[in-house]
Each structure stands twice: as C-alpha cells, then as structure tokens.
Amino acid sequence: MLSASENDRIFAEAVVRRTTYSNVSRLLHHVHYILGDVHGVERGLDIGGGQGILSFYLATHGAKSVVCVEPEGEGSTEGVTGIFDQLRQDLPNGNRVHLAQTTFQEYDPGDLTFDYIVTGNAINHLNEPACIDLKTNRNSYDTYIGYFQRIYDMLDSGGRFVATDCSRYSLYPQLGLKNPFMPAIEWEKHQSPYQWRDMLMEVGFVDPDIKWTAFNALGAFGRLIMNNPVVSYVTVSHFRLCVRKP
Ligand SMILES: C[S@@+](CC[C@H](N)C(=O)[O-])C[C@H]1O[C@@H](n2cnc3c(N)ncnc32)[C@H](O)[C@@H]1O
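Each chain has its residues counted from 1, following the order in which its sequence is written. Under the rules for a predicted model, residues below a pLDDT of 70 receive no local features and side-chain atom pairs below 80 are neither given nor counted, while totals for whole chains, interfaces and linings still include all residues. Side-chain descriptors were evaluated using all non-hydrogen atoms of the structure, hydrogens and water having been removed beforehand.

### A few points about the overall build of the protein
And then number 1: A count of helical and extended segments in the protein gives 10 helices and seven strands.
And then number 2: For the radius of gyration, the atoms used are the C-alpha atoms, and the globule rule reads 2.2 Å times the number of residues raised to 0.38. The C-alpha atoms of the protein give a radius of gyration of 18 Å, which matches the 18 Å a tight globule of 246 residues would have.
And then number 3: Judged by the C-alpha coordinates and their principal axes, the protein covers about 50 × 40 × 35 Å.
And then number 4: When the 246 residues of the protein are sorted by exposure, 49% land in the buried category. Secondary structure elements are taken from DSSP: a helix is a run of H or I of four residues or more, a strand is a run of E of two residues or more, and numbering for both begins at the N terminus. Residue exposure (1.4 Å probe, protein chains only): buried if accessible area is under 20% of the type maximum, exposed if over 50%, otherwise partly exposed.

Printed below as a string of structure tokens:
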C-alpha cells in the first residue's frame, strides 16, 4: 500500500497535468484544507463536483467508491466532464469514482449511503433563487432545509458533511465596489457560514466547525493569520464549514 504522501504526489501530478492548477504544493495545500483528514473514508459523495478533483483525491486516498454528482453536459475535452474522464483514466483508483451526470435534486442514491459528503463552492448553485432570499422567504428556506435533510439521510451515523463557499458579506460590495480578490463573485447569491450552520443544525447535524480561507500562496502562515472573520471580510470572504451526523 502506498503512503499518504505518495498518493498525494500521484494525485497532484495528474491534476496539474490535466487542469489549470499549475503548482503541486499549492494544489495539495488547497485540497488538504478543504477535505481535512480523510483517513478511513470509504464512500464519498461530491455534490457539484465539477472536474472531480475532490472525488479523485478521496479515491486516491483509500475511499472504495465515490460518486461525483455533476450536471454539466458532455462537452469537449476542455469541458469539466472531459477533464473528469482524463483524470479517471490517469489515476490508479480512478475507476472508483462514478460520475452521476445529473443535479443533486435528481440524483437517486438508491440504498447507497456515504461516510463523507462534500460540496465545494456549489452549495449556492443548488438553487440560486432560493439561496438569494432564504432569510426572507419561507419556501426558499424550506427548500434548502429539504436539501440538508436529504444530505443528512444519505450520511452514515458519524459521517461528515463539508461545504466551502464565499460568504454573502464582503467589505467591497458593501461599499459598492468590486472585491479585488474575488472580482467574479455575485455576493447576493451566497449565504454566510453561520446561516448554513444554523440550518444544518436544525436538521440534526452537530459539531459545527467554521474556518476562514487563507490565500493559498501564504501556506500555513496564511492559515494562521487569515482564519478570522474580520480578515476574511476584507479579503476573500471564503469559508469551510464542517458538520457531523451524530
Ligand atoms: C463553482 S463550481 C464548483 C466545482 C467544484 N466543486 C470545484 O470546487 O471546483 C459549481 C458546480 O456546481 C454544479 N451545479 C450547479 N447546479 C447543481 C445542482 N443542482 N446539483 C449539483 N451540482 C450543481 C455546476 O455544474 C458546477 O460544476
């Protein structure tokens, strides 16, 4: 069996070869931050998995099966599912990752349950109109509660759910300016991690842990100084939220 660091190298070299990530150590820093300790994870679900990078990391590090739910249609080799197919061929455990080319709402796991579910920068995309007004519209709120209830039901007892995304609140848009660190983000289409945490706890999740994302290039030092809501508010306003099913 290969060590975790050998698996890291095999995974990262393949991803750098096939995607726009250009730096192995920054990629690993990023993925380690998002996924945390994946030792012992057996069955993963990656919601809105895009190119499948998080899914392939789980498979490379011992997961026996991973479902990547990604609705993007079959595309050219530049498309996300084209890159997914290349990574699947390149990586030793690539065939443990199954692409479900559908939305989370349409995805039917049958009897399958998971011990780890992740959604990387996709929680708001599940239903953008509902995400925008869920604090003032009961139907929108209940729609997301329904999604979280499904995630809860798909998880084994003790399993973790991790979500990363931009928060809704950032200094620059609140001043009517573009955030120079995140110029493409439509901030009103996001929610704060505290909002998501409260909703996840409403359906029964426990042990919430919120981290604020640091610039990748700053490495461990960045995590030390940027894991703070105030620093995040004036920079990237990006979080990682982890909860557990009791
Ligand atoms: C910003 S991308 C994130 C991709 C990947 N997780 C990452 O971190 O690079 C958001 C992804 O969510 C997917 N998505 C949009 N609506 C979805 C839905 N209803 N169910 C599942 N995925 C969805 C999109 O196709 C897109 O690939």
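Now that the structure is up, let's keep going.
### Regarding the sheet that holds strand β3 (residues 97-100)
And then number 1: Two strands are counted as paired when DSSP detects at least two bridges linking them. In spatial order, the strands read β3-β2-β1-β4-β5-β7-β6; together these seven strands make up an open sheet with mixed pairing. Strands with a single pairing partner mark the edges of an open sheet, and in this sheet they are β3 and β6 (206-212). Averaged over all adjacent pairs, the angle separating strand axes in this sheet is 15 degrees, with direction ignored.
And then number 2: Pairing of strand β5 (residues 155-166) with strand β7 (residues 238-244), which is carried by seven bridges, proceeds in the antiparallel orientation. Paired with cysteine 166 across the strands is histidine 238, a residue of β7.
And then number 3: The contact definition used throughout considers only heavy atoms, calling two residues in contact when any of these lie within 4.5 Å. Geometry is summarised by axes, namely lines fitted to C-alpha atoms with helices restricted to the contacting stretch, and by angles between N-to-C directions that run from 0 to 180 degrees. On the sheet, helix α3 (residues 53-60) packs against β1 (43-47), β2 (65-69), β3 and β4 (114-120) and is oriented at approximately 180 degrees with respect to β2.

### Here we look at the site of the ligand
And then number 1: One heavy atom within 4 Å of a molecule or strand makes the whole residue count as near it. Taken together, 13 residues form the shell around the ligand, and within it Gly48, Glu70, Phe104, Gln105 and Gly120 come nearest.
And then number 2: For the purposes of these results, a polar contact is taken to be a pair of N or O atoms within 3.5 Å, where, inside protein, one atom must be able to donate a hydrogen and its partner to accept one; residues adjacent in sequence count only when each atom of the pair is a side-chain atom. A distance of 2.8 Å separates a nitrogen atom of the ligand from a polar backbone atom of glycine 48.
And then number 3: Side-chain polar atom of glutamine 105 to a nitrogen atom of the ligand: 3.0 Å apart, as the coordinates give it.
And then number 4: Protein contact buries 69% of the 590 Å² of open area that the ligand shows by itself.
And then number 5: More than half of the atoms of the ligand fall within 2 Å of the grid points belonging to the largest pocket. Computed with a 1.4 Å probe, the accessible areas rest on the Shrake-Rupley method; for each residue, only the protein chains presented here act as cover. Any residue with an atom within 4 Å of a point lines the site, the site being either a cavity, points on a 1 Å grid over the protein atoms alone where a 1.4 Å probe fits but cannot get out, or a pocket, an open set with protein on both sides within 12 Å along at least 5 of 7 lines. Those molecules having more than half of their atoms within 2 Å of a cavity or pocket grid point set are described as sitting in that cavity or pocket.

### Description of the nonpolar core
And then number 1: The nonpolar core is taken to be a set of buried Ala, Val, Leu, Ile, Met, Phe, Trp, Tyr and Cys residues, with the residues joined through side-chain atoms within 4.5 Å. If you look at the biggest cluster of nonpolar residues, it comprises 35 residues, and the most contacted ones within it are Leu45, Ile117, Tyr144, Phe148, Phe161, Trp196 and Phe205.
And then number 2: Here the element with the most residues in this core is helix α6 (residues 138-154); it accounts for eight residues.
And then number 3: Filtering out sequence-adjacent residues up to four positions away, phenylalanine 205 remains in contact with Phe148, Ile151, Tyr152, Leu155, Phe161, Leu200, Val243, Arg244 and Lys245.
And then number 4: Counting 30 residues, the second largest nonpolar core, distinct from the first, contains Tyr33, Ala63, Leu91 and Tyr116.

### Concerning the packing of α6 against helix α8 (residues 193-202)
Geometry of a packed helix pair, given as the angle between the helix axes and the separation of the axes.
And then number 1: In the contact formed by α6 and α8, the axes pass within 9 Å of each other and the chain directions differ by 65 degrees. Here α6 and α8 pass one another in a crossing that is right-handed. Within the contact between the two elements, α6 uses Tyr141, Tyr144, Ile145 and Phe148 and α8 uses Gln195, Trp196, Met199, Leu200 and Glu202.
And then number 2: In this count, Pro and Cys sit with the nonpolar residues alongside Ala, Val, Leu, Ile, Met, Phe, Trp and Tyr, while Asp, Glu, Lys and Arg are called charged and the others, Gly among them, polar. Looking at side-chain class alone, the contact of α6 with α8 contains seven nonpolar, one polar and one charged residues. In this scheme the handedness of a crossing depends on how the near helix is turned from the far one: anticlockwise by less than a right angle means left-handed, clockwise means right-handed.

### Concerning α8
Given 3.6 residues per helical turn, the α-helix brings residues three or four places apart onto the same face.
And then number 1: Here α8 has its buried residues at Pro193, Gln195, Trp196, Met199 and Leu200. End-on, the buried residues of α8 take up no more than an arc of 155 degrees, which puts them together on one face.
And then number 2: Looking at the buried positions of α8, the neighbouring elements they touch are α5 (128-133), α6, β5, β6 and β7. By construction, the arc corresponds to the directions joining the helix axis to the C-beta atoms.

### Considerations on the state of the cysteines
Where two cysteines share a covalent bond between their sulfur atoms, that bond is called a disulfide.
And then number 1: Pairs of cysteine sulfur atoms within 2.5 Å are what we label disulfides. Inspection of every chain in the model, using the stated rule, returns zero disulfides.
And then number 2: Of the cysteine sulfurs around cysteine 68, a residue in no disulfide, the closest is that of cysteine 242, at 19 Å.
And then number 3: Of all cysteine sulfurs in the structure, the one in cysteine 166 sits closest to cysteine 242, which takes part in no disulfide; the separation is 19 Å.

### Quick look at the side chain of aspartate 8
And then number 1: Relative to the helices and strands, aspartate 8 resides in helix α1 (residues 4-18).
And then number 2: Buried within the structure, aspartate 8 lacks any salt-bridge partner; its nearest side chain of opposite charge belongs to arginine 9, at an N-O separation of 9.9 Å.
And then number 3: If we ignore the near neighbours within four places in the chain, the residues touching aspartate 8 are Leu28, His32, Tyr57 and His61. His is not counted here, nor are the chain ends, while Lys and Arg score as positive and Asp and Glu score as negative. One speaks of a salt bridge when a side-chain nitrogen belonging to Lys or Arg is within 4 Å of a carboxyl oxygen belonging to Asp or Glu.

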